Amino acid sequence: MAKKKGGFTNRFEENALRESALIISEQSQGMFSDLIPHRIDATTVILINPNKDRDKQVNDYLTRLESNRYRY
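What counts and what doesn't
- Residues numbered from 1 in each chain as written.
- Predicted model: local features only at pLDDT ≥ 70, side-chain atom pairs only at ≥ 80, totals over all residues.
- Heavy atoms only, no water.
- Salt bridge = Lys/Arg side-chain N within 4 Å of Asp/Glu carboxyl O.
- Helix = DSSP H or I, 4+ residues; strand = E, 2+ residues; numbered from the N terminus.
- Buried < 20%, exposed > 50% of the residue type's maximum accessible area, 1.4 Å probe, protein only.
- Expected span 1.5 Å × (residues − 1).
- Polar contact = N/O pair within 3.5 Å; in protein donor to acceptor, adjacent residues only side chain to side chain.
- Pairing = 2+ DSSP bridges.

Q: Whenever I open this one, the pattern of salt bridges confuses me. Can you help?
A: Pairing is possible between side chains of opposite charge, provided their charged atoms come close. Across all of its chains, the model carries four salt bridges by this definition. A salt bridge links Arg-11 to Glu-14, with the shortest nitrogen-to-oxygen separation between them at 3.4 Å. Here Arg-11 pairs with Glu-14, and both are found in helix H1 (residues 11–27), just three residues apart, close to one helical turn. Looking at Arg-11, the relative accessible area reads 60%, which means it is exposed. For Glu-14, a relative accessible area of 22% gives the class partly exposed. Between Glu-14 and Arg-18 there is a salt bridge whose closest N-O contact spans 3.3 Å. Here Glu-14 and its partner Arg-18 are both found in helix H1, four residues apart, which amounts to about one turn of the helix.

Here's what the structure looks like:
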């Protein structure tokens, strides 16, 4: 017998995954509406809360970014 290919095995599973992705996208649609984009450098834009200290949020992001870089 031939080995079964990985991935989707039929259309039913593919359609179920597509429907669950649509539901998740509808639920998360309003999650970022109150955040504003803030450009850190030419290639990096983060979303920050306008009601909190901007510099602290940027510093927290940069700290997490550096710690993640050290891990890899």
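Q: What is the right way to look at H1 in this model?
A: Side chains of residues three or four places apart in an α-helix project in the same direction, reflecting 3.6 residues per turn. For H1, spanning 17 residues, the distance from its first C-alpha to its last is 25 Å, which sits close to the expected 24 Å at 1.5 Å a residue. Near the N-terminus of H1, the side chain that reaches the backbone nitrogen of Phe-12, with its oxygen 3.3 Å away, is that of Asn-10.

Q: Looking at this structure, how should I read the pairing of strand E1 (residues 36–39)?
A: Side-chain direction in a regular strand flips from residue to residue, so the side chains alternate between the two faces of the sheet. Bridge count for E1 against strand E2 (residues 45–48) is four bridges, and the pairing is antiparallel. Bridged to Arg-39 within E2 is Val-45.

Q: What exactly am I supposed to notice about the pairing of E2 here?
A: Of the two faces of E2, only one is covered, namely that formed by Ile-46 and Ile-48; the face formed by Val-45 and Leu-47 stays uncovered. Linking two consecutive strands that pair antiparallel, namely E1 and E2, is a turn of five residues.

Keep in mind these numbers describe shape, not what the thing actually does.
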